[in-house]
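# Structural description and commentary
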Amino acid sequence: MDLLIVGSGFFGLTIAERAAASGRKVTVIDRRPHIGGNAYSEDDATTGIEVHKYGAHLFHTSNPSVWEYVNRFTTFTNYVHRVYTNHKGVVFPLPINLGTINQFFRAAYTPDEARALVHEQAGEFDAKEAANLEEKGIALIGRPLYEAFIRDYTAKQWQTDPKDLPAEVISRLPVRYNYDNRYFNDTWEGLPTDGYTAWLERMADHPNIEVQLDTDFFDESQPLNKKATVGQVQIVYTGPVDRYFDYAEGALSWRTLDFEREVLDVGDFQGTSVMNYADADVPYTRIHEFKHFHPERADRYPGDKTVIMREFSRFASRDDEPYYPVNTPEDRAGLLAYRELAKGEKDVLFGGRLGTYQYLDMHMAIGSALSMWNNQLA
Ligand code: FDA
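The rules behind the values
Residues numbered from 1 in each chain as written. Predicted model: local features only at pLDDT ≥ 70, side-chain atom pairs only at ≥ 80, totals over all residues. Heavy atoms only, no water. 1 Å grid on protein atoms, 1.4 Å probe; cavity = no way out; pocket = protein on both sides within 12 Å on 5 of 7 lines; lining within 4 Å. Points joined across faces, edges and corners; volume = space filled by probe spheres on them. Helix = DSSP H or I, 4+ residues; strand = E, 2+ residues; numbered from the N terminus. Nonpolar A, V, L, I, M, F, W, Y, C, P; charged D, E, K, R; others polar. Contact = heavy atoms within 4.5 Å. UniProt positions renumbered as here; feature names shortened; annotations may be inferred. Near = heavy atom within 4 Å. Polar contact = N/O pair within 3.5 Å; in protein donor to acceptor, adjacent residues only side chain to side chain. Areas by Shrake-Rupley, 256 points an atom, 1.4 Å probe, with all protein chains shown as cover. Core = buried A, V, L, I, M, F, W, Y, C linked by side-chain atoms within 4.5 Å. Buried < 20%, exposed > 50% of the residue type's maximum accessible area, 1.4 Å probe, protein only. Domains from an automatic or database assignment. Expected span 1.5 Å × (residues − 1). Arc of directions from axis to C-beta.

Empty space within the second largest pocket amounts to approximately 150 Å³. Lining the second largest pocket, in full, are Val241, Leu335, Tyr338, Arg339, Ala342, Phe350, Gly355 and Thr356. Among the elements that make up the lining of the second largest pocket, the one with the highest residue count is helix α10 (residues 329–343) (four residues). Class assignment of the residues belonging to the lining of the second largest pocket gives a composition of five nonpolar, two polar and one charged.

As structure tokens, then:
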């Protein structure tokens, strides 16, 4: 073995694929029973509907080298992501756009009229002097829209009143003064035609790549553990950086999600793939309905059944799956200390979402792995 990769998410698999193609022998370990990290999907046992096990994954990118690279392993459907939100039992389009504004104020404002209204309502606070997230939100879009679409949803995401959250959590709240409700603005967007797992498996399908699942890097009963391998072989580590150093500089904080999956005896539950729930009286943040990600599979998917998944958000404890970095000032200081420790770690490179404590979309994880390969490993 020339290279050991800890973690089989998009970051680890991209490094593995590049290294194998250049003739190196690679072993990828993952503590989960499947490859692919959080992008993994599986077919629901009763309906055959592809379910994104760790929450909705939409591929989008404007990076030509990433787009060229991913197309070596999969084609993409022409799916375009759109999100709606339920507020007080009425459904509005997101991100906030002229359609949302006119429906909310029961008006027919032109773009200039809507802009002037939001500007006037936002005058209540100065964004630069906002003392907390609530004041910042009002300073960006005005109190009525903030209270309807941002306040309670944010409180549910953070389990914290936005008055007690730092203003820096949001830098901007996009408002579109037209009726465009495409969720992403990227050049390319779509879902892998044969599903995420087929794509991920094709990346790992090379005689120079060996994958070992159910293998935790910190479990000393396994041969490929940290103690046995560091200094012996080159390593790319994509697990949590604080865990690698045994939390020597403190634990970095994360938010996690809980998912509740259900098969329903209806053909179509909500008419769209993702419905947010903006209000405090509904405990979940959103509901995914997976069949809507693949309208082109209508003839394969059952007409009388559907799979939905409710998503709940909360702070992660050490045993939970870490999903989104919280990024408090203490976390940022801790991360700098871990980066210093990482520099001293011989022949170990830290990458990916967990290894760098950054939220990365899939195209960013793949792009950053291609850079690490080209600049540090090739
Ligand atoms: P990832 O977390 O996927 O992989 C890390 C792997 O390391 C895991 O498989 C883990 O089991 C393994 N590991 C950790 N510790 C280990 C240990 N000690 N030993 C062995 N293995 C270990 N992106 C996007 O572009 N569009 C989207 O819509 C979404 N949606 C989305 C929803 C949610 C809820 C999340 C959390 C994330 C997204 N993403 C996304 C982001 C996407 O999931 C992300 O970009 C990729 O998973 C990044 O891949 P990584 O390889 O960095 O991490």
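Now that the structure has been shown, we can carry on.
Before going further, it helps to spend a moment on the environment of Tyr109. Tracing the backbone shows Tyr109 in the loop between α3 (98–104) and α4 (111–122). For the pair Tyr109 and Ala39, spaced 70 residues apart in sequence, the C-alpha separation works out to 41 Å. Apart from the residues within four sequence positions on either side, Tyr109 is in contact with Leu98, Ile101, Asn102, Ala114, Leu117 and Tyr179.

UniProt annotation of "domain: UDP-galactopyranose mutase C-terminal" (unreviewed entry) refers to residues 148–359 when read in the numbering used here. Taken end to end, residues 148–359 has its terminal C-alpha atoms 26 Å apart, with 22% of it in helix and 21% in strand.

A few words on the site of the ligand. In the vicinity of the ligand there are 31 residues, among which Asp30, His57, Leu58, Leu360 and Met362 approach most closely. Within the backbone of Asn38, an N or O atom sits 3.0 Å from an oxygen atom of the ligand. Here a nitrogen atom of the ligand and a backbone polar atom of Phe217 are 3.1 Å apart. When isolated, the ligand has an accessible area of 1,000 Å², and the protein chains bury 97% of it. Taken together, the residues that form the shell around the ligand break down as 16 nonpolar, nine polar and six charged.

Turning our attention to the nonpolar core. Grouped together as the largest cluster of nonpolar side chains are 76 residues, with contacts concentrated most on Phe59, Trp199 and Ile366. For this core, the leading source of residues is helix α6 (residues 143–158), giving six residues. Summarising the domain contributions, this core has at least three residues from each of domain 1 (3–39 + 193–251 + 325–377) and domain 2 (97–172). Ignoring any residue separated from it by four or fewer positions in sequence, one finds Ile366 in contact with Phe10, Thr14, Phe59, Val66, Tyr69, Val70 and Trp199.

This paragraph deals with α4. Helix length check: α4 (12 residues) gives 16 Å between terminal C-alpha atoms against 16 Å at 1.5 Å per residue, within 8%. All of the buried residues along α4 are Ala114, Leu117, Val118, Gln121 and Ala122. All buried residues of α4 lie within an arc of 130° about the axis, which places them on one face of the element. For α4, the exposed residues lying more than 90 degrees away from the buried face are Asp112, His119 and Glu120. Those residues of α4 hidden inside the fold are in contact with α3, α5 (133–141) and α6.

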